[in-house]
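# Inside the fold
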Amino acid sequence: MFLGANVTPPVIHPTTNYVNHTFSKTVVPHIHPVHTTTVNHHMFEHKHYCPHTSSCCEEVCNQHVNCCNPCAPGGMPAPNVLPGYGMGGAGFGPGGPGFGAGPYMGPRP
């Protein structure tokens, strides 16, 4: 037995707008008078000298990581991470200072 097709309400989409452009041409004459001026230039050459000095500084970061049982009361925090291990930045692994895993980071045996 065939009961007929199900019909949903219509889906009405936004109106599509088209724009027609028309063009016309109008000629406008332009007159450009010309005058020549001669400019004589004289250069002053200023020579700047910059003696260079340099200096060096050190930046150190510390990171405290609590590796204790979170359910246990109290406990001692993990020792400081040594400079150069677990630090981010140039030559110290990914990220900025104080970020990135070093050789002493991760699960303990």
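The next thing to look at is the overall build of the protein. Summing up its helical and strand segments, the protein has zero helices and zero strands in all. For the protein, the proportion of its 109 residues judged to be buried stands at 6%. Looking at the protein as shown, the accessible area adds up to about 11600 Å², and 60% of this sits on carbon and sulfur atoms.

Inspection of every chain in the model, using the stated rule, returns one salt bridge. Here Glu-45 and Lys-47 are joined by a salt bridge, their closest N and O atoms 3.8 Å apart. A single burial state applies to Glu-45 and to Lys-47, both of which are exposed.

Predicted coordinates in areas of low pLDDT are best not read in detail. Residues with a pLDDT of 70 or more make up 62% of the protein, whose mean pLDDT is 74. Under a pLDDT of 50 for its full length, residues 85-96 has, in the predicted model, 32 contacts with residues more than four places off or in other chains.

Before going further, it helps to spend a moment on the state of the cysteines. Per the stated rule, a full pass over the model turns up zero disulfides. Of all cysteine sulfurs in the structure, the one in Cys-67 sits closest to Cys-68, which takes part in no disulfide; the separation is 7.3 Å.

Quick notes on the rules
- Within every chain, residues take consecutive numbers counted from 1 along the sequence as written.
- This being a predicted model, a pLDDT of at least 70 is required before a residue's local features are given, and a value of 80 or more before pairs of side-chain atoms are given or counted; all residues contribute to the totals for chains, interfaces and linings.
- Processing note: side-chain calculations cover all non-hydrogen atoms of the structure and skip hydrogens and water entirely.
- A run of H or I in DSSP becomes a helix once it reaches four residues, and a run of E becomes a strand once it reaches two; helices and strands are each numbered from the N terminus.
- For every residue, the accessible area (1.4 Å probe, protein chains only) is compared with the maximum for its type, and the residue is labelled buried under 20%, exposed over 50%, or partly exposed between those bounds.
- Where accessible areas are quoted, they stem from the Shrake-Rupley method and a 1.4 Å probe; at the residue level, only the protein chains shown are allowed to cover.
- For salt bridges, the criterion is a side-chain nitrogen of Lys or Arg within 4 Å of an Asp or Glu carboxyl oxygen.
- Every residue carries a pLDDT, the predictor's confidence in it, which falls somewhere between 0 and 100.
- Contacts are assigned to residue pairs that have any heavy atoms within 4.5 Å of one another.
- For this text, the term disulfide refers to a pair of cysteine sulfurs within 2.5 Å.

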